[in-house]
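Here's the letter readout for the chains.
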Amino acid sequence: MSDRSQAVRPILVTGGSGQVASALAARAPVVRVGRPDFDFDRPASITETFRAVNPRLVVNAAAYTAVDKAESDADAAYRANRDGPALLAKLCAEADIPLIHISTDYVFDGLKAEPYVETDPVAPQGVYGASKLAGEQAVLASGAKAVILRTAWVYAETGKNFVRTMLAVGKTRDRLTVVADQRGCPTVAGDLADAILGIVAAIGRTGWQPSYQGLFHAAGTGETTWFGLAVATFEEAARHGAKAPAVAPIATADWPTPAKRPANSRLDCARLRTVFGLGLPPWRESLARTVDLIYATAPP
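Calculation rules
Residues numbered from 1 in each chain as written. Predicted model: local features only at pLDDT ≥ 70, side-chain atom pairs only at ≥ 80, totals over all residues. Heavy atoms only, no water. Helix = DSSP H or I, 4+ residues; strand = E, 2+ residues; numbered from the N terminus. Rg over C-alpha atoms; globule rule 2.2 N^0.38 Å. Buried < 20%, exposed > 50% of the residue type's maximum accessible area, 1.4 Å probe, protein only. Contact = heavy atoms within 4.5 Å. Lys, Arg positive; Asp, Glu negative; His and termini not counted. Charge placed at Lys NZ, Arg CZ, Asp CG, Glu CD. Right-handed = clockwise from strand over helix to strand, strands pointing away. Pairing = 2+ DSSP bridges. pLDDT = per-residue confidence, 0-100. Axes fitted to C-alpha atoms, helices over the stretch in contact; angles between N-to-C directions.

Quick look at the overall build of the protein now. From N to C terminus, the protein includes 11 helices and 12 strands. For the protein, whose C-alpha radius of gyration is 19 Å, the value lies close to the compact-globule estimate of 19 Å for 300 residues. On the principal axes, the C-alpha backbone points of the protein span a range of 60 × 40 × 40 Å. Per-residue burial over the protein gives 50% buried out of 300 residues. In the protein, once contacts between residues fewer than 6 apart in sequence are set aside, the share between residues at least 24 apart is 81%. The distance from the centre of the 32 positive side-chain charges to the centre of the 30 negative ones in the protein is 4 Å.

For strand 5 (residues 145–151), the buried fraction is high: 6 of the 7 residues fall into the buried class. The parallel pair strand 4 (residues 98–104) and strand 5 is bridged by helix 6 (residues 127–141), and the resulting crossover is right-handed. As paired elements, strand 5 and strand 10 (residues 214–217) share 4 bridges and run parallel to each other. Across the sheet, residue Val-147 finds its bridge partner in strand 10, namely Gly-214.

Here the protein averages 95 in pLDDT, and 98% of its residues register 70 or above. Confidence over residues 1–5 falls short of pLDDT 50; this stretch has 2 contacts with residues more than four positions distant or in other chains.

Ordered by their spatial adjacency, 6 strands build an open sheet running 2-1-3-4-5-10, and the pairing between neighbours is parallel. At either margin of the open sheet sits one strand with a lone partner, and together these are strand 2 (31–33) and strand 10. Strand-to-strand twist of the sheet, defined as the mean angle between neighbouring strand axes without regard to direction, takes the value 20°. Taken strand by strand, helix 5 (residues 74–95) contacts strand 1 (11–14), strand 3 (57–60) and strand 4, and its axis lies near 160° from that of strand 4. Where helix 8 (residues 189–206) meets the sheet, its contacts fall on strand 1, strand 3, strand 4 and strand 5, and the angle it forms with strand 4 comes to roughly 155°.

Encoded structure:
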């Protein structure tokens, strides 16, 4: 196949109207697919879509992300997070095209004192993390040219996410309690999309390189807690005239959930910068920009 014919083939993005897929579609001419036409619960739809689009590269942003529900719906989580990506990776391997696959910090147990690097041992603590780890392993075993991006604490100006939830709840309550003993790197979907497109551009410039294969961490720069993110969100919202409720810190033990959350979700993203020259912006700057977008386009 000539370079010219390869260039005119589209980028296929799975994940439908999800935060990352939407951000990619807003930034680049991609073919975005989702349910019901493309559904990991219907393997035939994956193959049919792949063949119809005939992509030059695939970004898999589709996943089962209902962390608590996964504990009682493991089969569905594994179909979406392991079996679907495995088939998609097989198709990419057969077509000899790259796959960029989105994964999660939940593959770790959260007990490490420092930010996690790609080579740290994995030990998921629940069904969601275990199913995502199984997806990583299936993608790597497929033989596909695969970039796996682990990310964390993703939110956007639209959709259902922590920041929008805080803004909505803050309108009606004078006091909130938020977990303060889980640390992570808040990541705006648009920033992650920019990094993905940077990887796509690098592959386009250089062709596939062995150093591109495997695991990378991609999250907002810096760290905070859920409590810190909530407080910062209300501080940014105050610039738009929103009232700020009092926010009190609580421990994870005071907010029990079906799935165990990692106490440490911090991701060291040095490899992404070393290999691709890419890094995501500081989380607080991205939060300010995103809150501005929320009030400009879809106020809570």
